[in-house]
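If you want the building blocks of each chain, they are given just below.
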Amino acid sequence: MKSAVLSHPEPVFIPEKKVWLEVCGWKVPAGFASPAADHTRKRIDLNEHLIRNGAATHIFKVKGDSMIDIGIYEGDALLIDRSIEPRHGNIVLAVLNNDFTVKRLHRRGGVIKLVPENPRYPTIVVKEEEEFSIWGVVTYNLHKLY
Amino acid sequence: MGGAVPQLALVDCNNFYVSCERVFRPDLARVPLVVLSNNDGCIVSRSNEAKALGIKMGQPWFECKELAEEHGILAFSSNYALYADLSNRVMSILSDLAPRHEVYSIDECFVDLTGMPKLREVSYAMRERVGMWTGIPVCVGIGPTKTLAKLANHVAKKHPRSKGVFNYNALSEGQKSLLLQRIPVEEVWGVGRKLTKRLECHRIRTVQDLKQAHVPTLRAEFGVVMEKIQRELQEVSCIELQEIQPDRQQIIASRSFGKMVSELPILQDALSTFVANACAKLRGQGSHAAVIQVFLQTNRFRKDLPQYMPSLAVPLPYPTNDSLEVNRWASYLCERMFKPKYQYKKAGIMLSEISPVTHRQGDLLEGEVSSNGKLMLALDTLNQRFGRGTVKVSTQGAFKDWQMRQERKSPNYTSDWDEVPMV
């Protein structure tokens, strides 16, 4: 690859804009300082409140209506945290036989069930020979109202 | 800490790109899987199943089509947005666990565990945490130097008995030499295929051979770099942990085109995208460049076509990181070099003479400097918020012909609101 360096003076682009010369390059503050200046605070950052562990949190969108009784509707956005140890009663994103599903985790006396929040759906009892894992724990549901 | 043996760990993600694709596709957990390079050309990442079927690293995908159909091998285009996000997650977890660390590549990180009690437990905990939080499996190799840590990582990957963690420091002297005798010299960091051949002429075949090679001969034949490697194998640290990434001295943005291009406006369009990316990097590190170079390349593999690989550089009137300004020069240089009868396969720009913005020398005649400063800030903010390429420089991306072929790309699961996974 041959390389050549063009030396000045080479074509100069002439800006179409006018160039204004400034006498003084900075602004001189005049008048009173804002009485609120000492009291400014950072605005609330939703990330800080909704996400306890950024490195482990993902967003998924909801398909279907198996969880509508606790207000999880189709199209809602779920925050899912992989760093939380799933416990009995948590809403979880589970992987059952290679498929994702959001359900309430029931884990008592060596029995694992995935419980829907809609009477039209059956509770799933996870059999021992089935492939089952929990992808993450659902921490928030973002439901659009407007 | 004077006399303590350094405990340097290399944490390396297993089959990283393939592992990233699997995080959001549990149905592919056992399917043989590969990820392809730009333009879906070669294989750059393989799942263990694909490796077992004999697929080689770097192999062109078209060579594997038959094998793929027979065994149901799936191929993905590279999804760099996804890989970069998952990489950042892995690295941030590691940096929380150990204050001294060096991100070495997209899927490797050196971590200094010197002086930490319960090294074994810490290493397994590190592996487990990254696995649980990100879904990416990693291996940990520990040694007294970077070179030995890298080698220990190789052992952790190859031997299932290690369960993903291998500590070279925990071996006796006898075990160490037994292990190094069994590893071919090719596996040593910095020893490539070419050097392996030359070392073979000196009967240096295993890592142990290299470790014990005659020092003056080695230096005379292979130079100081090889001597450094040898010293590292002898547990003398020669390659320091680089905790802070030094600012880039050159920024190159280039790409091969999805199909060959022979029109000037399309080349200029491609260059404007490269300029936009390179200038965003400059602004990201708070610096500006004083020289821009543009190059064009025809397809050197097509011996049947006429070849033309010109390159032209120009010093900028004043250092800048303004996309519009740099783009004007890129377009101009491209026009100067462009010859119509050729078919171009690749183009790119290189920005050099990079310095921090604060060091800029004023110039009486330079006119309205950084008149676009606010515009660039707005551009960066919008592109960060809504995805790269939301706001573009005039011609940028107006023609689609040159863009990467990515027919098999997975969705931007983590970086695009409209592409987050559905469950």
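Only a predicted model underlies this, so the values are computations on that prediction, with no experimental measurement involved.

Undergrad: Looking at this structure, I do not really get the overall build of chain A. What am I missing?
TA: Secondary structure summary: chain A contains 1 helix and 8 strands in total. Walking chain A from its N terminus toward its C terminus, one meets helices and strands in the order β-α-β-β-β-β-β-β-β. The buried share of chain A, taken over its 146 residues, is 28%. When contacts within chain A are restricted to residue pairs at least 6 apart in sequence, those whose partners lie at least 24 apart make up 55%. Carbon and sulfur atoms make up 56% of the accessible area of chain A, which amounts to about 11,000 Å² in all.

Undergrad: Help me understand the overall build of chain B in this model?
TA: Within chain B, the regular secondary structure consists of 13 helices and 13 strands. For 423 residues, the compact-globule estimate of 2.2 N^0.38 gives 22 Å, and the C-alpha radius of gyration of chain B, at 24 Å, lies within 12% of that figure. Projecting the C-alpha coordinates of chain B onto the three principal axes gives extents of approximately 70 × 55 × 50 Å. A sequence separation of at least 24 residues applies to 69% of the contacts in chain B between residues at least 6 apart. Carbon and sulfur atoms form 52% of the exposed surface of chain B, whose accessible area is close to 21,400 Å².

Undergrad: Honestly, the packing of aromatic side chains in this entry has me stumped. Any pointers?
TA: Applying the stated criterion to the full structure yields 17 aromatic pairs over all chains. On the basis of an interplanar angle of 75° and a centroid distance of 5.6 Å, the ring pair of F60 of chain A and F100 of chain A is categorised as edge-to-face. Pair noted here: F60 of chain A is in strand 2 (residues 57-61) and F100 of chain A is in strand 5 (residues 99-108), with a separation of 40 residues, a long-range link. Its relative accessible area of 0% is what places F60 of chain A among the buried residues. An aromatic cluster is built from F60, F100 and W135 of chain A together with F24 and Y413 of chain B, whose rings are joined through pairwise contacts. Taking the ring centre of W135 of chain A as reference, the NZ or CZ of R82 of chain A above it sits at 4.6 Å. In this arrangement the basic side chain of K146 of chain B is found over the ring face of F110 of chain B, its NZ or CZ atom lying 4.9 Å from the centre.

Undergrad: I keep staring at unusual backbone geometry and nothing clicks. Help me out?
TA: For residues that are not glycine, phi is negative in most cases, and the peptide bond is trans in most cases. All names here are of chain B. In the Ramachandran plot, K118 falls in the positive-phi region, its phi being about 55° despite a non-glycine side chain. The phi dihedral of E235 falls on the positive side, at around 70°, and the residue is not glycine. Inspection of the secondary structure puts E235 in the loop between helix 10 (215-233) and strand 9 (251-261). E235 gets classed as partly exposed once you look at its relative accessible area, which sits at 28%.

Undergrad: I would appreciate a short explanation of the packing of helix 8 (residues 193-201) of chain B against helix 10 of chain B in the present structure.
TA: Residue and element names in this part refer to chain B. Axis separation between helix 8 and helix 10 bottoms out at 12 Å; the angle between their running directions is 150°. When the interaxial angle is binned, helix 8 and helix 10 end up roughly antiparallel. Seen from above, helix 8 lies across helix 10 with left-handed handedness. The residues of helix 10 that touch helix 8, namely those facing L195, R198 and L199, are L218, E221, F222 and M226. When grouped by side-chain class, the residues that make up the contact of helix 8 with helix 10 number 5 nonpolar, no polar and 2 charged.

Undergrad: I would appreciate a short explanation of the nonpolar core in the present structure.
TA: Grouped burial of nonpolar side chains is what soluble globular proteins tend to show. The biggest cluster of nonpolar side chains holds 50 residues, and the ones touching the most others in it are W135 of chain A together with I136 of chain B. By residue number, the principal contributor to this core is helix 4 (residues 80-97) of chain B, which donates 7 residues. Among residues more than four places away in sequence, those in contact with W135 of chain A are H58, F60, I80, R82, L93, A94, V95 and F100 of chain A together with V23 and F24 of chain B. I251, A278, Y332 and I354 of chain B belong to the second largest nonpolar core, which has 36 residues in total.

Undergrad: What is the right way to look at the packing of helix 11 (residues 264-284) of chain B against helix 12 (residues 323-337) of chain B in this model?
TA: Residues and elements named next belong to chain B. The geometry of helix 11 relative to helix 12 is characterised by a closest axis approach of 9 Å and an angle of 145° between their N-to-C directions. Seen from above, helix 11 lies across helix 12 with right-handed handedness. Packed against helix 11, whose contacting residues are L264, L267, Q268, L271, S272, V275, A276, C279 and R283, the element helix 12 presents S323, V326, N327, A330, S331, C334 and E335 at the interface. Looking at the contact of helix 11 with helix 12, its residues break down into 9 nonpolar, 5 polar and 2 charged.

Undergrad: Honestly, the side chain of T114 of chain B in this entry has me stumped. Any pointers?
TA: All names here are of chain B. On the secondary structure map, T114 appears in the loop between strand 6 (108-112) and helix 5 (119-134). We classify T114 as buried; its relative accessible area is 18%. Of the polar contacts made by the side chain of T114, one reaches the side chain of D112; its length is 2.5 Å.

Undergrad: What's the story with the sheet that holds strand 5 of chain A in this structure? I'm lost.
TA: Strands pair in a sheet through their backbones, by hydrogen bonds, and they do so in one of two ways: parallel or antiparallel. Residue and element names in this part refer to chain A. Pairing is antiparallel in the open sheet, where 7 strands are placed in the order 2-3-8-4-5-6-7. Each end of this open sheet is capped by a strand with a single partner; those strands are strand 2 and strand 7 (124-125). Where strand 4 (residues 91-96) meets strand 8 (residues 132-142), 5 bridges bridge the pair, whose relative direction is antiparallel. Bridge assignment links V95 to a residue of strand 8, and that residue is S133.

Undergrad: So what exactly am I meant to see when it comes to the sheet that holds strand 1 (residues 8-13) of chain B here?
TA: Residue and element names in this part refer to chain B. Read across the open sheet, the 5 strands follow the order 5-6-1-7-8; overall the sheet is mixed. The open sheet terminates on both sides in strands that have one partner only, identified here as strand 5 (101-105) and strand 8 (165-167). In this sheet, neighbouring strand axes are inclined to one another by 15° on average, regardless of whether the strands run parallel or antiparallel. Relative to strand 7 (residues 138-143), strand 1 is paired through 6 bridges, and the arrangement is antiparallel. Its bridge partner lying in strand 7, C13 is registered against V138.

Undergrad: Looking at this model, I keep getting lost on the environment of R408 of chain B. Mind explaining?
TA: Residue and element names in this part refer to chain B. Its location among the elements puts R408 in the segment after helix 13 (373-386). Put simply, R408 and V35 are 373 residues apart on the chain and 9.2 Å apart in space, counted from C-alpha to C-alpha. Not counting residues up to four positions away in its chain, the partners in contact with R408 are L36, D40, W61, K65, A75, F76 and S77.

What counts, and where the lines are drawn
- Residues numbered from 1 in each chain as written.
- Chains lettered and ligands numbered in written order.
- Predicted model: local features only at pLDDT ≥ 70, side-chain atom pairs only at ≥ 80, totals over all residues.
- Heavy atoms only, no water.
- Helix = DSSP H or I, 4+ residues; strand = E, 2+ residues; numbered from the N terminus.
- Buried < 20%, exposed > 50% of the residue type's maximum accessible area, 1.4 Å probe, protein only.
- Contact = heavy atoms within 4.5 Å.
- Areas by Shrake-Rupley, 256 points an atom, 1.4 Å probe, with all protein chains shown as cover.
- Rg over C-alpha atoms; globule rule 2.2 N^0.38 Å.
- Phe/Tyr/Trp six-rings, centres within 6.5 Å; stacked < 30°, edge-to-face > 60°.
- Lys NZ or Arg CZ within 6 Å of the ring centre and 35° of its normal.
- Axes fitted to C-alpha atoms, helices over the stretch in contact; angles between N-to-C directions.
- Parallel < 35°, antiparallel > 145°, perpendicular 65-115°, else oblique.
- Left-handed = near helix turned anticlockwise from the far one by under 90°.
- Nonpolar A, V, L, I, M, F, W, Y, C, P; charged D, E, K, R; others polar.
- Core = buried A, V, L, I, M, F, W, Y, C linked by side-chain atoms within 4.5 Å.
- Polar contact = N/O pair within 3.5 Å; in protein donor to acceptor, adjacent residues only side chain to side chain.
- Pairing = 2+ DSSP bridges.

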